[in-house]
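Examination of the molecular architecture
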Amino acid sequence: MKINLSYILSAILAVALVAALFSFFEISGEKARLRNELMNRSSLIAGELGSMPIIDSGLFNVASQVRFSDSLSNRYNIIGFALYHDNHFVPYSHSVEPYLEYSADYAYQSIIADSSFGVYFKTGGRNIYQYVMPCQKEAIAKNALVLYSDASYISKIVRRISVENFFRLFIQILLVVVLIGLLIRWGVYRQINTIVNWVRDIRDGSLEKLREQSPAGFLEPLQREVTNIAFAMQEARAVAEEEARLRTEGEAIWTPDRLREEIRKVLPDKTLVVVSNREPYMHVHSGKEIKCIVPASGMVTAVEPILKACGGLWIASGTGDADKETVDKQNKLAVPPNEESYILKRVWISKEEENHFYYGFSNEGIWPLCHIAHNRPVFRKKDWDFYKRVNGKFAKAVLEEIKGEEQPFVLVQDYHFALLPELIKKERPDATIAIFWHIPWPNPESFSICPWQSEILLGMLGSDLVGFHTPYFCYNFLETVNNTIDSRVIRENLSVRIKDRTTLVRPFPISISFTMKDYEKKDGKIPPASDLLAKYGIKASLMGIGVERIDYTKGIIERFLATERFFEKYPEYQGRFTFVQIGAPSRTRIKSYSDIVEAVESEASRINLKFKLKDWKPILLLAYHHSHDEIMPFYKSANLCMVTSLHDGMNLVAKEFVAARNNNDGVLILSRFTGASHELTGAIIVNPYNTEQMADAIKTAIEMPRKEQQPRMKQMRQSILEHNIYSWAANLIKTMVYLQR
Ligand code: G6P
């Protein structure tokens with residue numbers, strides 16, 4: 001704030017005006033007083049004169065006139081007097097003679113009205129006051145006495161007082177103005193400057209500086225309020241920034257609608273054909289009813305939302321005991337139930353085919369071959385033959401479906417159909433084919449034990465694109481190809497060239513359906529874990545959760561051993577923490593799988609026996625198929641989730657647990673041997689073979705303060721949001737479009 005010249009001039013003008021006004025009133029009063037005094041004095045002297053013998057005798061005596069005149073004029077500025085008699089004046093001193101001409105009328109009026117009065121007139125540069133008084137003397141009737149006084153002294157006094165007053169008041173008021181100015185400058189202006197500084201700090205967001213500002217005297221209550229407003233504003237700004245960031249991100253985040261639009265754009269009038277062994281919906285008899293269930297499969301969890309969003313055709317084995325009863329003549333049905341958005345075509349495989357293709361070669365051969373879980377793969381010639389046969393059967397089904405379509409797009413899923421790309425390509429070179437391998441790809445030495453490794457590799461290389469979850473699996477695959485078949489492996493751009501055909505090998509980390517809407521959903525109050533456990537007769541306030549198919553690769557036994565060790569090391573948690581294992585039995589016709597189910601059950605019983613209390617046990621094993629809706633309350637209420645796979649391509653349970661935690665709390669304990677551990681760095685990463693480390697991880701997770709849980713959980717949720725299944729599909733399909741011949 002600047003005080004400029006116009007402010008100063010205005011202030012001076014105002015001060016001068018006020019001073020002039022005050023001195024005017026004072027002077028008017030003083031003038032009136034002096035005039036009054038003159039009048040009273042004149043009347044007194046005139047009265048005295050009226051009673052003197054010189055008047056009575058009517059004689060003009062020079063000697064007495066001189067005496068009289070001297071004594072009066074010396075005392076009261078009286079010039080002299082005259083007697084008005086018979087229409088003419090008798091002056092009693094020569095000095096009044098020049099004034100007589102101004103007095104005749106007044107003297108006459110005074111005699112007529114018989115009253116005294118005073119009148120001022122100016123002559124010869126002097127201000128004269130004449131006081132006229134009738135005086136009725138017996139000897140001289142009808143006389144009037146006129147007394148002349150020099151009143152110039154009144155103007156002089158008034159002028160002097162005016163000047164004095166004006167300057168005195170001017171200086172006084174100026175002093176007051178300066179004082180007020182200083183008060184404003186140092187009192188108010190300084191405080192205003194302080195407020196300006198607060199506001200600037202608020203605008204810059206320097207709230208710490210604001211806090212450090214010294215107390216602002218009488219403005220302290222305002223300072224308090226401003227500080228509170230600033231902090232409220234900071235919070236609001238943080239919320240707004242977060243919302244803006246999410247909005248911006250939201251535009252970059254893939255949604256079902258965005259994927260549908262993208263596919264319409266890049267694949268106009270084309271049907272997306274997906275092939276897998278496991279079907280997304282399975283019909284099974286349940287008493288007299290037919291029930292539709294979603295099988296426990298990471299592949300289904302990932303791929304189903306894509307078909308649901310974009311439509312298309314999904315070809316899969318019909319393995320439910322009521323599947324045949326729910327399809328049309330072409331073995332097709334629209335799914336999902338009551339929300340039909342794509343077509344499921346079921347391919348029937350015989351029991352024998354199932355035994356050798358599915359249980360045999362796929363799950364006793366390739367599965368343990370690709371998972372380093374120290375389970376020996378079994379390769380039987382018969383299984384291999386059936387593997388080839390079922391691949392052929394599916395190839396036929398696919399070719400049948402794409403026969404009317406130009407340059408079709410086929411997306412083959414997983415290790416059950418390694419030969420399918422080559423079989424389709426042979427018949428339809430115009431087709432763009434991708435195979436996505438949902439499980440790990442081991443190092444070349446491990447893979448080399450497979451007697452049919454070349455056939456498998458050549459079958460896969462029939463596709464234009466081979467996808468894995470991680471770059472590491474891509475390199476393993478390229479090395480395996482390089483070591484095994486006659487080809488050119490180009491490591492720079494991750495591709496393989498055989499004769500005139502090129503196959504790209506790329507990482508596409510798979511994910512789940514998780515959009516901004518899911519991310520922003522608020523959970524409200526989640527029922528405590530104790531409520532959930534109470535339904536199973538367990539009294540405990542802390543809960544851990546594990547969800548998977550019962551498979552030896554999942555590290556379920558290792559997790560139980562870690563739980564046992566946790567209770568040994570930290571007995572204070574006995575009676576307080578229960579680990580819930582949801583485990584869907586899987587591939588149980590294979591001995592290693594029925595063995596693992598048994599082992600899981602007996603380990604759970606052994607540990608429970610060791611620690612159990614009257615209404616508490618350390619492990620609750622729920623070994624049956626649970627729907628997604630049944631699993632959700634466990635995900636939401638658990639304090640921690642354990643994913644301790646010995647080897648896992650990605651592991652979508654980890655991502656589903658994180659996605660379920662809308663309140664950004666809870667802790668994920670995650671095996672370093674999962675693909676997910678590369679993305680979910682907010683988890684406690686463990687080696688499932690290290691029982692001590694895992695036992696400690698359980699304790700760390702239980703005791704982790706909420707304020708540490710939240711940033712970890714947020715990081716993981718954001719990572720899944722940015723890399724959801726729709727972005728996975730978009731990347732994969734866009735790469736296929738790029739490869740289209
Ligand atoms: C893994 C495989 C899937 C398979 C799932 C369930 O996730 O990658 O292809 O569907 O296990 O196994 P299942 O043998 O029951 O289909």
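Quick notes on the rules
Residues numbered from 1 in each chain as written. Predicted model: local features only at pLDDT ≥ 70, side-chain atom pairs only at ≥ 80, totals over all residues. Heavy atoms only, no water. Helix = DSSP H or I, 4+ residues; strand = E, 2+ residues; numbered from the N terminus. Buried < 20%, exposed > 50% of the residue type's maximum accessible area, 1.4 Å probe, protein only. Areas by Shrake-Rupley, 256 points an atom, 1.4 Å probe, with all protein chains shown as cover. Lys, Arg positive; Asp, Glu negative; His and termini not counted. Charge placed at Lys NZ, Arg CZ, Asp CG, Glu CD. Pairing = 2+ DSSP bridges. Axes fitted to C-alpha atoms, helices over the stretch in contact; angles between N-to-C directions. Near = heavy atom within 4 Å. Polar contact = N/O pair within 3.5 Å; in protein donor to acceptor, adjacent residues only side chain to side chain. pLDDT = per-residue confidence, 0-100. Contact = heavy atoms within 4.5 Å. Core = buried A, V, L, I, M, F, W, Y, C linked by side-chain atoms within 4.5 Å. Expected span 1.5 Å × (residues − 1). Parallel < 35°, antiparallel > 145°, perpendicular 65-115°, else oblique. Nonpolar A, V, L, I, M, F, W, Y, C, P; charged D, E, K, R; others polar. Salt bridge = Lys/Arg side-chain N within 4 Å of Asp/Glu carboxyl O. Left-handed = near helix turned anticlockwise from the far one by under 90°. Phe/Tyr/Trp six-rings, centres within 6.5 Å; stacked < 30°, edge-to-face > 60°. Lys NZ or Arg CZ within 6 Å of the ring centre and 35° of its normal.

Another point: the overall build of the chain. Helices and strands together make up the secondary structure of the chain, namely 24 helices and 23 strands. The dimensions of the chain, computed from C-alpha atoms along their principal axes, are 175 × 70 × 55 Å. Within the chain, the fraction of its 741 residues that count as buried is 51%. Total accessible area on the chain is roughly 35,400 Å²; 55% of this is exposed by carbon and sulfur atoms. Computed over 90 positive and 86 negative side-chain charges, the separation of the two mean positions in the chain equals 1 Å.

The subject of this paragraph is the sheet that holds strand E3 (residues 117-123). In spatial order, the strands read E2-E1-E5-E4-E3; together these five strands make up an open sheet with antiparallel pairing. Among the strands making up the open sheet, the edge pair consists of strand E2 (88-91) and E3. On average, each strand axis in the sheet is inclined to that of its neighbour by 25°, with strand direction left out of account. Looking at chain direction, strand E1 (residues 78-85) and strand E5 (residues 143-150) are connected through seven bridges and run antiparallel. The partner of Tyr84 across the bridge, within E5, is Ala144.

A few words on the site of the ligand. Lining the immediate environment of the ligand, one finds 13 residues, of which Arg278, Ser297, Tyr358, Asp414 and Arg587 sit closest. Within the side chain of Tyr358, one N or O atom sits 2.4 Å away from an oxygen atom of the ligand. Take Asp414: an N or O atom from its side chain is 2.4 Å from an oxygen atom of the ligand. Coverage of the ligand by the protein amounts to 91% of the 370 Å² it exposes when considered alone.

Our focus in this paragraph is the confidence of the model for the chain. Mean pLDDT over the chain works out to 90, with 93% of the residues at or above the 70 mark. With pLDDT under 50 throughout, residues 57-63 is counted as low confidence; its partners more than four residues away or in other chains account for eight contacts.

Of all hydrophobic cores here, the largest spans 175 residues; its most connected members are Trp437, Met460, Phe468, Phe477 and Leu668. With ten residues, the single largest contributor to this core is helix H11 (residues 381-402). Every residue in contact with Leu668, bar those within four places of it in the chain, is listed here: Cys641, Val643, Ala654, Phe657, Val658, Leu680, Ala683, Ile684 and Met716.

Over its 14 residues, helix H15 (residues 471-484) runs 20 Å from end to end, which matches the ideal 20 Å to within 8%, given 1.5 Å per residue. Here the buried face of H15 lies against helix H13 (444-447), helix H14 (453-460), strand E14 (465-468), strand E15 (488-490), strand E16 (495-498) and strand E17 (501-507).

Turning our eyes to something else, we now look at the packing of helix H18 (residues 556-569) against helix H19 (residues 591-611). In the contact formed by H18 and H19, the axes pass within 9 Å of each other and the chain directions differ by 10°. When the axis of H18 is compared with that of H19, the two are roughly parallel. Touching Ile556, Ile557, Phe560, Leu561, Glu564, Phe567 and Glu568 of H18 are Ile596, Ala599, Val600, Glu603, Ala604, Arg606, Ile607, Lys610 and Phe611, all from H19. Per-class residue counts for the contact of H18 with H19 are eleven nonpolar, no polar and five charged.

Turning next to the pairing of E16. Pairing between E15 and E16: three bridges, direction antiparallel. Bridge pairing in E16 links Arg488 to Arg497. Counting the residues in the hairpin turn of E15 and E16 gives four residues, including Leu494, whose phi is positive at 45°. Alignment of E16 against E17, held across four bridges, turns out to be antiparallel. The residue of E17 that forms the bridge with Arg497 is Thr502.

With that settled, consider the sheet that holds E16. The ten strands lie next to each other as E10-E11-E9-E6-E12-E13-E14-E17-E16-E15, forming an open sheet whose pairing is mixed. Edge positions in the sheet fall to strand E10 (332-335) and E15, since each has one partner strand and no second. Pairs of neighbouring strands in the sheet enclose a mean axial angle of 20°, with direction left out of account. Strand direction decides the pairing type here: strand E6 (residues 272-275) and strand E12 (residues 409-413), joined by four bridges, are parallel. Bridge pairing links Val275 to Val412 in E12. Lying over the sheet, helix H24 (residues 725-739) contacts E6, E12, strand E13 (432-436), E14 and E17, oriented at roughly 130° with respect to E12.

This part takes up the environment of Leu219. When you line up the elements, Leu219 lands in the loop between helix H6 (207-212) and helix H7 (220-252). With a relative accessible area of 12%, Leu219 lands in the buried category. Taking the C-alpha atoms as reference points, Leu219 and Ile192, separated by 27 residues in sequence, lie 9.3 Å from one another. Filtering out sequence-adjacent residues up to four positions away, Leu219 remains in contact with Gln191, Ile195 and Trp198.

All right, on to the pattern of salt bridges then. Pairs can form between side chains of opposite charge once their charged atoms are near each other. Overall, the coordinates contain 48 salt bridges when judged by the stated rule. Between Asp323 and Arg346 there is a salt bridge whose closest N-O contact spans 3.1 Å. Taken together, the residues Asp323 in the loop between strand E9 (313-317) and E10 and Arg346 in strand E11 (residues 342-347) connect sequence positions 23 residues apart. The buried category is assigned to Arg346, whose relative accessible area is 1%. Ionic contacts of the salt-bridge type, sharing partners, join the residues Glu564, Arg565, Glu568, Lys569, Glu603, Arg606, Lys610, Glu692 and Asp696 into one network.

Running from amino to carboxyl end, helix H10 (residues 351-370) crosses H11 at an angle of 110°, the nearest separation of the two axes being 8 Å. Classed by the angle they form, the pair H10 and H11 counts as roughly perpendicular. In terms of crossing hand, the pair formed by H10 and H11 is left-handed. Residue-level contacts link Glu352, Glu353, His356, Phe357, Gly360, Phe361, Ser362 and Ile366 of H10 to Lys382, Asp383, Trp384, Phe386, Tyr387, Arg389, Val390, Asn391 and Lys393 of H11.

What follows concerns the packing of aromatic side chains. How two aromatic rings sit relative to each other is set out by the distance from centre to centre and by the angle between their planes. The tally for this structure, following the rule as stated, stands at 40 aromatic pairs. Each ring, one from Tyr536 and one from Phe634, has its centre 6.3 Å from the other, and the planes form 45°; the classification is tilted. Here Tyr536 is found in the loop between helix H17 (529-534) and strand E18 (542-550), whereas its partner Phe634 is found in helix H20 (residues 628-637), with 98 residues between them in sequence. We classify Phe634 as buried; its relative accessible area is 4%. Here the guanidinium or amino end of Arg35 rests over the ring plane of Tyr120, the centre of that ring lying 4.1 Å away. Arg258 extends its terminal NZ or CZ atom over the ring of Trp254, reaching a point 3.8 Å from the ring centre.

What follows covers unusual backbone geometry. Of the consecutive residues Val335 and Pro336, the connecting peptide bond is found in the cis state with omega at -10°. By the element assignment, Pro336 lies in the loop between E10 and E11. Non-glycine residue Asn331 carries a positive phi angle of around 65°. Among the secondary structure elements, Asn331 is positioned in the loop between E9 and E10. Since its relative accessible area comes to 24%, Asn331 is described here as partly exposed. Here the phi dihedral of Asp414 falls at roughly 75°; this positive angle occurs in a residue that is not glycine. Residue position: Asp414 is located in the loop between E12 and helix H12 (420-427).

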